[in-house]
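# Fold and contact review
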Amino acid sequence: MGETIPFSLLQKEQDCYVNRNGRTKLSPNSLVRAALSFLLTLTLALPIAPPRSVHADEEPSFQAVQILSSDFFTVALRADGTVWAWGSNHMYQLGSAGAGTRVPVQVPIGVPVEQIAIGDHFGLALDEEQNVWVWGSFSSGSSYQYMAPQKLDLWENIVAIAAGGGAAYALTEDGRVYSWGSNAGGRLGRGSSLPVGQEMAPDFVKSDADTVLEGITRIAASGNSAFAVDVDGHVYAWGDNSSGALGNPAVPGESVYAVLIPGLSQVKTVYAGSLSSANSVFATTVTGTVYGWGENKMGQLGLGHMTDVSSPVRIELMEGLPTEVVQISTSVRHTLILLKDGEDYVVAGSGRNSGQLGRPGVTNEPYAQHFQQIPQFGGATYISAGPDRSFARIGD
């Protein structure tokens, strides 16, 4: 049976945040007032249980502002600034030595945190003083591991973080992007793709050999690529392009520098899945248009087919669905999209179904190649897609 664990979660964006001063960062104080009852449905085994409410006397709950989940572990940021994790710990993903756990344990950072991000086997945290912390492993071997959270010296004030696969990214206050970790496919954007695949000293992403990428306001990362939105709403991408994730068919297989994605303008937010096998990408514009590109082998782009797409394509929602997009969350096999019509919220999903699209008893069946409403998530005001699981907050 699927297992459910309840939390009180607050609304968040996947990759970066903008505070009242225009800085790209998370503001827990403003979010705490919006604390709501939230259901976290964690699928652990088949058959998959449908979404259901859990009463307070079944499991303890705690308030959190962000939850991220990989194949092996899940991390939650509480409203009080503490970070909690559960799942496998074979690469110190929980921030300490010891066995894995199905019960949340605190990651010992010791200072209030404003944002978290995760890769395949590591975690990142951005604290209130704009410092970055890291724990876990950047590779499958014994090197590049942090048994406990370690603060990085980046010499800059950091306003947002992102992670994908084995690589990490940090956005500085002046609009530049640090990268470090796995460099497979050129995903660090520094001008090389080293066979060893690791560059653990943070350095800046470049647009060519002599030019550091600047003027960036938002960042995001997929499994093998990364993205940056500049002040004019243009989107840059770098890394692996084998599934079309760079949105630029002129790039042969990879780009070791940040390249402009043609055909996109006035972009507000980019959404991407952070696991190494998640390479679907979405962008929303200031006018409300939604674009998708990249991996689509399971229909997760919602385009009506199951073929990868190498250039941004406008997502046309099915008739009857609201058109105002609140949030998009994508993972390895499926995508969720949160829509709003007046005061009503609707969740729609597309991609492969192993229970995460709300069809009890149905596994490994194409649920939708277009986005279709998930009735069980009626009233949801927040969504999050994990590898084989979906999260939804009910209420406003």
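Everything numeric here is computed off the predicted structure, so don't read it as measured data. (Residues numbered from 1 in each chain as written. Predicted model: local features only at pLDDT ≥ 70, side-chain atom pairs only at ≥ 80, totals over all residues. Heavy atoms only, no water.)

## Observations regarding the overall build of the protein
Assigned secondary structure in the protein consists of one helix and 30 strands. The buried share of the protein, reckoned over its 396 residues, is 58%. Summarising the internal contacts of the protein: among those between residues at least 6 apart in sequence, 52% fall at separations of at least 24. (Helix = DSSP H or I, 4+ residues; strand = E, 2+ residues; numbered from the N terminus. Buried < 20%, exposed > 50% of the residue type's maximum accessible area, 1.4 Å probe, protein only. Contact = heavy atoms within 4.5 Å.)

## Topic: the sheet that holds strand S24 (residues 309-314)
What the four strands build is an open sheet, ordered S21-S22-S23-S24; its pairing is antiparallel. Looking along the sheet, the strands with just one partner apiece sit at the ends: strand S21 (267-272) and S24. Sheet twist, expressed as the mean angle between neighbouring strand axes with direction ignored, is 15°. Both strand S22 (residues 280-285) and strand S23 (residues 290-294) contribute to a ladder of five bridges, which runs antiparallel. (Pairing = 2+ DSSP bridges. Axes fitted to C-alpha atoms, helices over the stretch in contact; angles between N-to-C directions.)

## Details of a negative patch on the surface
Residues Glu324, Asp341, Glu343 and Asp344 make up a contiguous surface patch of negative charge. Among the structural elements, Asp344 can be located in strand S27 (residues 344-353). (Patch = residues over 30% accessible without salt bridge, like charges linked within 9 Å, V, L, I, M, F, W, Y side chains within 5 Å. Areas by Shrake-Rupley, 256 points an atom, 1.4 Å probe, with all protein chains shown as cover. Salt bridge = Lys/Arg side-chain N within 4 Å of Asp/Glu carboxyl O. Lys, Arg positive; Asp, Glu negative; His and termini not counted. Charge placed at Lys NZ, Arg CZ, Asp CG, Glu CD.)

## A look at the confidence of the model for the protein
Across the protein, the average pLDDT comes to 80, with 78% of residues at or above 70. Looking at the elements of the protein, mean pLDDT is at its lowest for strand S2 (residues 36-42), recorded as 32, and at its highest for strand S16 (residues 211-212), recorded as 98. When the criterion is pLDDT under 50, residues 1-49 qualifies, and its contacts beyond four places in sequence or with other chains add up to 162 contacts. Below pLDDT 50 for its whole length, residues 52-60 participates in 10 contacts with residues either more than four positions away or in separate chains. (pLDDT = per-residue confidence, 0-100.)

## Structural notes on the packing of aromatic side chains
Applying the stated criterion to the full structure yields six aromatic pairs. Aromatic ring contacts, followed pair by pair, group Phe122, Phe138 and Tyr146 into a single cluster. (Phe/Tyr/Trp six-rings, centres within 6.5 Å; stacked < 30°, edge-to-face > 60°.)

## Some details on the side chain of Arg187
For Arg187, the location among the structural elements is in the loop between strand S13 (177-182) and strand S14 (198-204). We note that Arg187 is buried and unpaired, the nearest opposite charge coming from Asp120 at a distance of 6.4 Å. Setting aside residues up to four positions removed in sequence, Arg187 forms contacts with Gly164, Gly165, Gly166, Ala167, Tyr169, Ser182, Gly223, Asn224, Ala226, Trp238 and Gly239.

## Details of the environment of Ala168
Secondary-structure assignment places Ala168 in strand S12 (residues 167-172). By relative accessible area, which is 0% here, Ala168 ends up buried. Sequence-wise, Ala168 and Tyr178 are 10 residues apart; in three dimensions their C-alpha atoms are separated by 8.2 Å. Setting aside residues no more than four positions away along its own chain, Ala168 makes contact with Phe122, Leu124, Phe138, Ala162, Ala163, Tyr178, Ser179 and Trp180.

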